[in-house]
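Overview (structure and organization)
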Amino acid sequence: MAHLLLKPGATPRFCKARSVPFALRKKVEAELDHLLAEMIITKVDRSEWASPIVPVKKKNGDIRICGDFRVALNNQLLVDQYPLPRLEDLFGSLAGGQKFTKIDLKQAYLQLQVHPDSRHLLTINTHKGLFQYNRMFFGIAPAPAIWQRIMDEVLAGMPFTQCLLDDMLITGPTDEEHRKNVEAVLERLQKYGLRVNLSKCKFLKSQLEFCAHTADRHGLHTTEEKVKALTHAPTPTPRNVTQLRSYLGLLNYYRRFLPNLAHQLYPLHRLLDARAKWIWTEKCEEAFRLSKELILSSRVLVHYDLKKPVILACDASPCGLGAVLSHVMPDGTERPISFASRSLTSAEQNYSQIDKEALAIVWATKKIHAYIYGREFTLITDHKPLLSILNPQKGISTTIASRLQRYALFLGAYAYSIRYRSHDTHDNADAFSRLPLGDHPLREIRVVEVHRPQSCMSTSLIARHTATDPFLSQKFSYVQTGWPERVSGEFRPYFARKCELVTNAGCLQWGNRVIVPQYLQSTMLRILHEGHPGVVRMKQRARSYVWYPQMDTAIEDYVAQCPGCCQAQRPQKRGTLQPWPWPTEPWSRLHLDFAGPNHG
């Protein structure tokens, strides 16, 4: 069982339950019932600790309930300092192995029970009351160290076996001994009731990727993925002045490690001249090839070291994502460990800029998971709104889009700080986002029009009028390409929500609520008023699905002007005046008032 320890002087924090949109309530309640049935959570009446929940929509429409433990708990927990194994130790004990097996555990943390004395810390607050987690949850700060200690105890004494978190690597000097070692490990896992994710397991392979390295009978090798983003860049590259300027910015970022750089890059710099015609010559190709060899040389690249600080710089462009993992050296300079890039899919190219930048961070984090999980690192972005949305010290806003909520919850499992770096000094990651590998070729997407009843409004209809609305189409463009520094007038309600606006299927959304174009607002009010609900009920229904400025006022006016509602409304009785009775003689009734104090 896992024990959670508090820091000295920690004070309980009770966060109130966040409101759940009416459209999601039934699904949230169904998921809570499912977790209760699986005994993952338990209903409680009271608790000093409580963290809010964030309901996140899955791709299939179901709901995943996640506790936002960053708000009340993570910064008050003692993080276990149990060290993760070093790569040299992992592979050193596997020397002599001929073939390799990798075993992956299914939902590893949920297989670990939390000690009853610690469960009150994992209390979540919902609209249905308080619940406690009985099992370790993804996103708890000390979870990686606790899990690593337990797995080391479970696999103690197993020959030719090493484990890093939820991945195990097994080998043996012969195939027969290898099979015996695998059987012994599986029996040990069965003894402790641990389940395996068979779809991710690989057995008796002559070569395996593990911890971002390639293991075979000859030893440990650095995987080519670390520098593939640069070595496999398309040729001739770049194809225009913008891409060339980004690439030269990357070289300039590491200029102090590259001797005679200006001389070797002279043919490329000539192409930046506004008066020069773009002609990619053999000299340009040779300069480009030599520059790649320079940046991949030992002068620039360094080996991964657990003792040095780690920085992950991420960036997104209209066509791709880029990331650079670097060490901060004792003299303050940054030396790259690994490069990564990929192209955006056709669907991802329609994301708003804030979604693209957040996608770059999450994709890069998954890509180099083995280097950063279980240790502190720094995220670098050139998009300021993400500093608050993905800040590990702040709660997850309920009004941001579901995609950003999922990203923030995913990053909650990592120990990171996030920092802003201006675009002008972000050249290393910017270059790879503009020169991406084509890992995701563009695919054609078919849109099928679904006929709906008249009481509904189709996505295609809203998207069509969004594109033709001169006011809303401009907001759509701002969300995709970036907002100006200042706006005025009718732009202000949208500008105040710029960090929470996203585009989806040609529509503009504020979180999960669709923004209705002006032409369709009267039709939307008529649909919302079907059945003649009152003002309060109509506002509740509207706030679960749609939004536009002054919507509440429009609803009040619509109900007030509805003939059926006016006729059915109870006439209000006016109060009649009650005059004082006429006095029959002097001093029969006295009317008094207080005055003073006067002169003390």
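A few points on the structure.

Reading guide: rules and limits
- Residues numbered from 1 in each chain as written.
- Predicted model: local features only at pLDDT ≥ 70, side-chain atom pairs only at ≥ 80, totals over all residues.
- Heavy atoms only, no water.
- Phe/Tyr/Trp six-rings, centres within 6.5 Å; stacked < 30°, edge-to-face > 60°.
- Helix = DSSP H or I, 4+ residues; strand = E, 2+ residues; numbered from the N terminus.
- Buried < 20%, exposed > 50% of the residue type's maximum accessible area, 1.4 Å probe, protein only.
- Lys NZ or Arg CZ within 6 Å of the ring centre and 35° of its normal.
- Pairing = 2+ DSSP bridges.
- Axes fitted to C-alpha atoms, helices over the stretch in contact; angles between N-to-C directions.
- Contact = heavy atoms within 4.5 Å.
- Core = buried A, V, L, I, M, F, W, Y, C linked by side-chain atoms within 4.5 Å.

**Quick word on the packing of aromatic side chains**
For the structure on display, the rule yields nine aromatic pairs. Judged by centre distance (6.3 Å) and plane angle (85 degrees), the ring pair of Phe377 and Tyr414 falls under edge-to-face. With Phe377 in strand 16 (residues 376-381) and Tyr414 in the loop between helix 14 (402-411) and strand 17 (415-420), the pair connects residues that are 37 residues apart, well separated along the chain. In this structure Phe377 comes out as buried when scored by relative accessible area, which is 3%. According to the relative accessible area criterion, Tyr414 is buried, its value standing at 7%. Between Phe471 and Phe491, the ring centres sit 5.3 Å apart and the planes meet at 65 degrees, which makes this aromatic pair edge-to-face. Remark: Phe491 occurs in the loop between helix 17 (470-481) and helix 18 (492-495) and Phe471 occurs in helix 17; sequence separation between them is 20 residues. Three or more aromatic residues joined by ring pairs form one cluster here, namely Phe471, Tyr478, Phe491, Tyr494, Trp510 and Trp547. The cationic tip of Lys366 hangs over the ring face of Phe410; the distance from NZ or CZ to the ring centre is 5.3 Å. Note that Lys475 overlies the ring of Phe491, its terminal NZ or CZ placed 3.4 Å from the centroid.

**A short note on the sheet that holds strand 14 (residues 320-328)**
Ordered in space as 15-14-13-16-17, the five strands form an open sheet in which the pairing is mixed. The sheet is open, and its two borders are formed by strand 15 (334-343) and strand 17, each paired with just one other strand. Between one strand axis and the next, the sheet turns through 20 degrees on average, direction left out of account. Those strands touched by helix 11 (residues 353-367) are strand 13 (310-316), strand 14, strand 15, strand 16 and strand 17, and its axis lies near 140 degrees from that of strand 13.

**Examining the nonpolar core**
Membership of the largest hydrophobic core comes to 92 residues, with the highest contact counts inside it found for Met136 and Ile140. Top contributing element to this core by residue count: helix 11, with eight residues. When residues no more than four places from it in sequence are discounted, the contact partners of Met136 are Ala2, Leu4, Tyr109, Leu110, Leu112, Val114, Ala143 and Ile146. Membership of the second largest hydrophobic core comes to 19 residues, among which are Ile462, Val514, Leu528 and Val559.

**Looking at unusual backbone geometry**
Along the chain, Gly596 connects to Pro597 via a cis peptide bond; the corresponding omega equals 5 degrees. Notably, Leu204 is not glycine yet its phi reads approximately 50 degrees, a positive angle. Within the secondary structure, Leu204 is located in strand 9 (residues 202-205). In this structure, Gln550 is a non-glycine residue whose phi angle is positive, near 65 degrees. By the element assignment, Gln550 lies in the loop between strand 21 (546-547) and helix 21 (551-560). By relative accessible area, which is 60% here, Gln550 ends up exposed.

Honestly, it's all geometry; don't read function into it.
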